[in-house]
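An overview of the molecular structure
This is what each chain is made of:
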Amino acid sequence: MDDLEIIELFWNRNEKAINETQKKYNSFLMRIANAVLGNPLDCEEAVNDTYLRVWDSVPSDRPGIFSAYLAKITRCLSIDTFRKLSAKKRGSGEYVYSLDELNECVTDGKNPQSEAEMKELTEKINCFLSEQNKRNRDIFIQRYFYFFSIRNIAEHFAISENNVKIILSRIRKELKEYLQTEGY
(Lines give C-alpha, C1' and ligand atoms only; values in the text may rest on other atoms or scores of the structure.)
Protein backbone atom coordinates (compact mmCIF):
# COMPACT_ATOMS: atom_id res chain seq x y z
CA MET A 1 0.00 0.00 0.00
CA ASP A 2 1.44 3.40 -0.87
CA ASP A 3 1.66 6.37 1.46
CA LEU A 4 -1.26 8.28 -0.04
CA GLU A 5 -3.54 5.29 0.51
CA ILE A 6 -2.35 4.97 4.12
CA ILE A 7 -2.91 8.68 4.74
CA GLU A 8 -6.39 8.34 3.25
CA LEU A 9 -7.10 5.51 5.71
CA PHE A 10 -6.03 7.77 8.58
CA TRP A 11 -8.12 10.59 7.13
CA ASN A 12 -11.14 8.29 7.05
CA ARG A 13 -10.40 7.11 10.61
CA ASN A 14 -9.95 3.51 9.43
CA GLU A 15 -7.99 1.48 11.99
CA LYS A 16 -6.37 -0.45 9.15
CA ALA A 17 -4.17 2.64 8.73
CA ILE A 18 -2.13 1.77 11.82
CA ASN A 19 -1.61 -1.82 10.65
CA GLU A 20 -0.52 -0.69 7.19
CA THR A 21 1.83 1.93 8.67
CA GLN A 22 3.30 -0.66 10.99
CA LYS A 23 3.84 -3.14 8.13
CA LYS A 24 5.58 -0.56 5.98
CA TYR A 25 7.53 1.52 8.49
CA ASN A 26 7.99 -0.36 11.76
CA SER A 27 11.61 -1.42 11.17
CA PHE A 28 12.57 2.09 9.97
CA LEU A 29 10.98 3.71 13.03
CA MET A 30 12.54 1.15 15.37
CA ARG A 31 15.99 2.03 13.96
CA ILE A 32 15.38 5.70 14.70
CA ALA A 33 14.14 4.98 18.22
CA ASN A 34 16.98 2.56 18.87
CA ALA A 35 19.59 5.12 17.82
CA VAL A 36 18.29 7.42 20.54
CA LEU A 37 17.20 4.99 23.25
CA GLY A 38 19.19 1.78 22.80
CA ASN A 39 16.62 -0.27 24.68
CA PRO A 40 14.16 -2.48 22.73
CA LEU A 41 11.27 -2.00 25.16
CA ASP A 42 11.65 1.78 25.21
CA CYS A 43 11.95 1.76 21.41
CA GLU A 44 8.78 -0.26 21.03
CA GLU A 45 6.94 2.15 23.30
CA ALA A 46 8.17 5.17 21.33
CA VAL A 47 7.13 3.62 18.03
CA ASN A 48 3.71 2.65 19.37
CA ASP A 49 3.30 6.21 20.67
CA THR A 50 4.18 7.38 17.16
CA TYR A 51 1.24 5.45 15.72
CA LEU A 52 -1.06 6.99 18.31
CA ARG A 53 0.28 10.49 17.63
CA VAL A 54 -0.24 10.03 13.89
CA TRP A 55 -3.76 8.73 14.49
CA ASP A 56 -4.52 11.87 16.50
CA SER A 57 -2.86 14.33 14.12
CA VAL A 58 -3.54 13.20 10.55
CA PRO A 59 -7.17 14.31 10.32
CA SER A 60 -6.06 17.90 10.83
CA ASP A 61 -2.74 17.48 9.06
CA ARG A 62 -2.00 15.85 5.69
CA PRO A 63 1.74 15.13 5.67
CA GLY A 64 3.55 15.68 2.38
CA ILE A 65 6.21 13.02 2.93
CA PHE A 66 4.72 10.40 5.18
CA SER A 67 8.00 8.66 6.04
CA ALA A 68 9.58 11.97 7.12
CA TYR A 69 6.47 12.82 9.12
CA LEU A 70 6.66 9.48 10.95
CA ALA A 71 10.42 9.79 11.44
CA LYS A 72 10.12 13.24 12.98
CA ILE A 73 7.44 12.12 15.42
CA THR A 74 9.43 9.02 16.40
CA ARG A 75 12.59 11.07 16.81
CA CYS A 76 10.89 13.65 19.04
CA LEU A 77 9.15 11.02 21.16
CA SER A 78 12.40 9.07 21.51
CA ILE A 79 14.32 12.18 22.58
CA ASP A 80 11.63 13.00 25.13
CA THR A 81 11.83 9.46 26.48
CA PHE A 82 15.63 9.64 26.54
CA ARG A 83 15.52 12.84 28.58
CA LYS A 84 13.12 11.28 31.07
CA LEU A 85 15.26 8.16 31.36
CA SER A 86 18.47 10.18 31.62
CA ALA A 87 17.03 11.99 34.57
CA LYS A 88 16.83 8.55 36.15
CA LYS A 89 20.43 7.78 35.08
CA ARG A 90 19.34 5.30 32.44
CA GLY A 91 19.46 5.21 28.67
CA SER A 92 22.10 5.37 25.97
CA GLY A 93 22.32 5.10 22.22
CA GLU A 94 23.84 7.09 19.40
CA TYR A 95 21.93 10.23 20.40
CA VAL A 96 24.51 11.33 22.96
CA TYR A 97 27.48 10.53 20.74
CA SER A 98 26.16 12.35 17.70
CA LEU A 99 25.24 15.45 19.70
CA ASP A 100 28.69 15.50 21.27
CA GLU A 101 30.20 15.44 17.77
CA LEU A 102 28.08 18.40 16.66
CA ASN A 103 28.66 20.34 19.85
CA GLU A 104 31.91 21.81 18.58
CA CYS A 105 30.14 23.27 15.54
CA VAL A 106 27.11 24.94 17.02
CA THR A 107 28.12 26.07 20.47
CA ASP A 108 30.55 28.67 21.62
CA GLY A 109 29.54 28.80 25.23
CA LYS A 110 26.33 30.64 24.33
CA ASN A 111 23.03 28.87 23.99
CA PRO A 112 20.38 30.16 21.60
CA GLN A 113 17.78 31.45 24.01
CA SER A 114 14.87 32.24 21.82
CA GLU A 115 12.85 30.26 19.38
CA ALA A 116 13.73 32.83 16.71
CA GLU A 117 17.47 32.25 17.25
CA MET A 118 16.97 28.49 16.99
CA LYS A 119 14.94 28.92 13.81
CA GLU A 120 17.64 31.11 12.30
CA LEU A 121 20.35 28.58 13.23
CA THR A 122 18.27 25.79 11.69
CA GLU A 123 17.91 27.81 8.49
CA LYS A 124 21.69 28.39 8.38
CA ILE A 125 22.39 24.68 8.83
CA ASN A 126 19.83 23.80 6.15
CA CYS A 127 21.42 26.33 3.79
CA PHE A 128 24.84 24.80 4.46
CA LEU A 129 23.50 21.29 3.84
CA SER A 130 21.86 22.34 0.58
CA GLU A 131 25.34 23.16 -0.72
CA GLN A 132 26.66 19.66 0.10
CA ASN A 133 26.54 16.80 -2.38
CA LYS A 134 23.65 14.37 -1.88
CA ARG A 135 25.71 11.57 -0.34
CA ASN A 136 27.39 13.83 2.22
CA ARG A 137 24.09 15.51 3.05
CA ASP A 138 22.41 12.11 3.53
CA ILE A 139 25.28 10.87 5.71
CA PHE A 140 25.04 14.02 7.84
CA ILE A 141 21.26 13.71 8.21
CA GLN A 142 21.43 10.02 9.05
CA ARG A 143 23.96 10.75 11.78
CA TYR A 144 22.66 13.97 13.27
CA PHE A 145 18.93 13.86 12.63
CA TYR A 146 18.18 10.15 12.79
CA PHE A 147 21.16 9.40 15.09
CA PHE A 148 22.16 6.29 13.14
CA SER A 149 25.43 4.67 14.18
CA ILE A 150 28.60 5.00 12.12
CA ARG A 151 28.33 1.29 11.36
CA ASN A 152 24.76 1.56 10.07
CA ILE A 153 25.65 4.52 7.88
CA ALA A 154 28.70 2.71 6.48
CA GLU A 155 26.57 -0.34 5.66
CA HIS A 156 23.88 1.79 4.03
CA PHE A 157 26.36 3.58 1.75
CA ALA A 158 28.62 0.53 1.27
CA ILE A 159 31.68 2.39 2.51
CA SER A 160 34.03 1.82 5.43
CA GLU A 161 33.29 3.11 8.92
CA ASN A 162 36.54 5.08 8.75
CA ASN A 163 35.34 6.73 5.54
CA VAL A 164 32.10 7.75 7.25
CA LYS A 165 34.07 9.22 10.17
CA ILE A 166 36.28 11.20 7.79
CA ILE A 167 33.29 12.51 5.82
CA LEU A 168 31.49 13.55 9.01
CA SER A 169 34.63 15.19 10.38
CA ARG A 170 35.09 17.22 7.20
CA ILE A 171 31.43 18.26 7.11
CA ARG A 172 31.55 19.31 10.78
CA LYS A 173 34.70 21.35 10.12
CA GLU A 174 33.07 23.03 7.11
CA LEU A 175 29.87 23.62 9.09
CA LYS A 176 31.82 25.20 11.93
CA GLU A 177 33.62 27.53 9.52
CA TYR A 178 30.36 28.36 7.76
CA LEU A 179 28.55 29.14 11.02
CA GLN A 180 31.45 31.29 12.21
CA THR A 181 31.27 33.36 9.02
CA GLU A 182 27.53 33.71 9.68
CA GLY A 183 28.15 35.03 13.19
CA TYR A 184 27.69 31.90 15.28
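Attention here is on the structure that accompanies the text. As the structure is a computational prediction, the values presented were derived from the model and not from experiment. (Residues numbered from 1 in each chain as written. Predicted model: local features only at pLDDT ≥ 70, side-chain atom pairs only at ≥ 80, totals over all residues. Heavy atoms only, no water.)

**Describing the overall build of the protein chain**
Along its length, the protein chain carries nine helices and zero strands. In the protein chain, the succession of helices and strands from N to C terminus is α-α-α-α-α-α-α-α-α. Within the span of the protein chain, comprising 184 residues, buried residues form 39% of the whole. For the protein chain, the share of sequence-separated contacts (at least 6 apart) that also reach a separation of at least 24 residues comes to 64%. Counting only carbon and sulfur atoms, one obtains 48% of the accessible surface of the protein chain, whose full area is about 10900 Å². (Helix = DSSP H or I, 4+ residues; strand = E, 2+ residues; numbered from the N terminus. Buried < 20%, exposed > 50% of the residue type's maximum accessible area, 1.4 Å probe, protein only. Contact = heavy atoms within 4.5 Å. Areas by Shrake-Rupley, 256 points an atom, 1.4 Å probe, with all protein chains shown as cover.)

**Focus on the packing of aromatic side chains**
Scanning all chains against the criterion turns up eight aromatic pairs. A network of ring pairs unites the aromatic residues Phe-10, Tyr-25, Trp-55 and Phe-66 as a single cluster. Sitting over the face of the ring of Trp-55, Arg-13 holds its NZ or CZ atom 4.0 Å from the ring centroid. Seen from the ring of Phe-148, Arg-31 lies directly overhead, with NZ or CZ sitting 4.1 Å from the centre. (Phe/Tyr/Trp six-rings, centres within 6.5 Å; stacked < 30°, edge-to-face > 60°. Lys NZ or Arg CZ within 6 Å of the ring centre and 35° of its normal.)

**Re the side chain of Thr-50**
Secondary-structure assignment places Thr-50 in helix α3 (residues 40–57). Residues within four places of Thr-50 in sequence aside, it is in contact with Leu-29, Leu-70, Ile-73, Thr-74 and Leu-77.

**Here we look at the nonpolar core**
Counting residues in hydrophobic clusters, the biggest one holds 50 residues, and the most contacted among them are Phe-10, Leu-29, Leu-37, Val-54, Phe-66, Ile-139 and Val-164. At the level of secondary structure, the elements contributing two or more residues to this core comprise α1 (3–11), α2 (16–37), α3, α4 (66–87), α6 (115–130), α7 (134–144), α8 (150–157) and α9 (161–181). With nine residues, the single largest contributor to this core is α4. Those residues in contact with Val-164 that sit more than four places away from it in its chain are Ile-139, Ile-150, Ile-153, Ala-154 and Ile-159. (Core = buried A, V, L, I, M, F, W, Y, C linked by side-chain atoms within 4.5 Å.)

**What about α8?**
Given 3.6 residues per helical turn, the α-helix brings residues three or four places apart onto the same face. Listing the buried residues of α8 in full gives Ile-150, Ile-153, Ala-154 and Phe-157. Axial view of α8: buried residues confined to an arc of 100°, hence all on one face. Seen from the buried face of α8, the exposed residues on the opposite side, beyond 90 degrees, are Arg-151, Glu-155 and His-156. Where the residues of α8 are buried, they touch α7 and α9. With its phi angle positive at about 55°, Ala-158 sits one or two positions after the end of α8. (Arc of directions from axis to C-beta.)

**Side note on the packing of α7 against α8**
It is at 10 Å that the axes of α7 and α8 come closest, and there the two elements cross at 150°. By the angle between their directions, the pair α7 and α8 is classed as roughly antiparallel. The hand of the α7/α8 crossing is right-handed. Where α7 abuts α8, its residues Arg-135, Asp-138, Ile-139, Gln-142 and Arg-143 lie against Ile-150, Ile-153, His-156 and Phe-157. For the contact of α7 with α8, the class distribution of residues is four nonpolar, two polar and three charged. (Axes fitted to C-alpha atoms, helices over the stretch in contact; angles between N-to-C directions. Parallel < 35°, antiparallel > 145°, perpendicular 65-115°, else oblique. Left-handed = near helix turned anticlockwise from the far one by under 90°. Nonpolar A, V, L, I, M, F, W, Y, C, P; charged D, E, K, R; others polar.)

**Remarks on α7**
Among all positions of α7, only Asn-136, Ile-139, Phe-140, Gln-142, Arg-143 and Tyr-144 are buried. Measuring from the backbone nitrogen of Arg-135 back to the side-chain oxygen at the start of α7 gives 3.2 Å, which picks out Asn-133 as the cap. (Polar contact = N/O pair within 3.5 Å; in protein donor to acceptor, adjacent residues only side chain to side chain.)

**So, the packing of α8 against α9**
How two helices pack is summed up by the angle between their axes together with the distance between the axes. Here α8 crosses α9 at 105°, and the two axes come no closer than 8 Å. Looking at the two axes, α8 sits roughly perpendicular to α9. On the side of α8, the interface is formed by Ile-150, Arg-151, Ile-153 and Ala-154, while α9 contributes Glu-161, Val-164, Lys-165 and Leu-168. Grouping the amino acids of the contact of α8 with α9 by side-chain chemistry returns five nonpolar, no polar and three charged.

**Here we look at the environment of Ile-141**
Mapped onto the secondary structure, Ile-141 falls in helix α7. For Ile-141, a relative accessible area of 28% translates into the label partly exposed. In this structure, Ile-141 is in contact with Leu-129 and Tyr-146, ignoring residues within four places of it in sequence.

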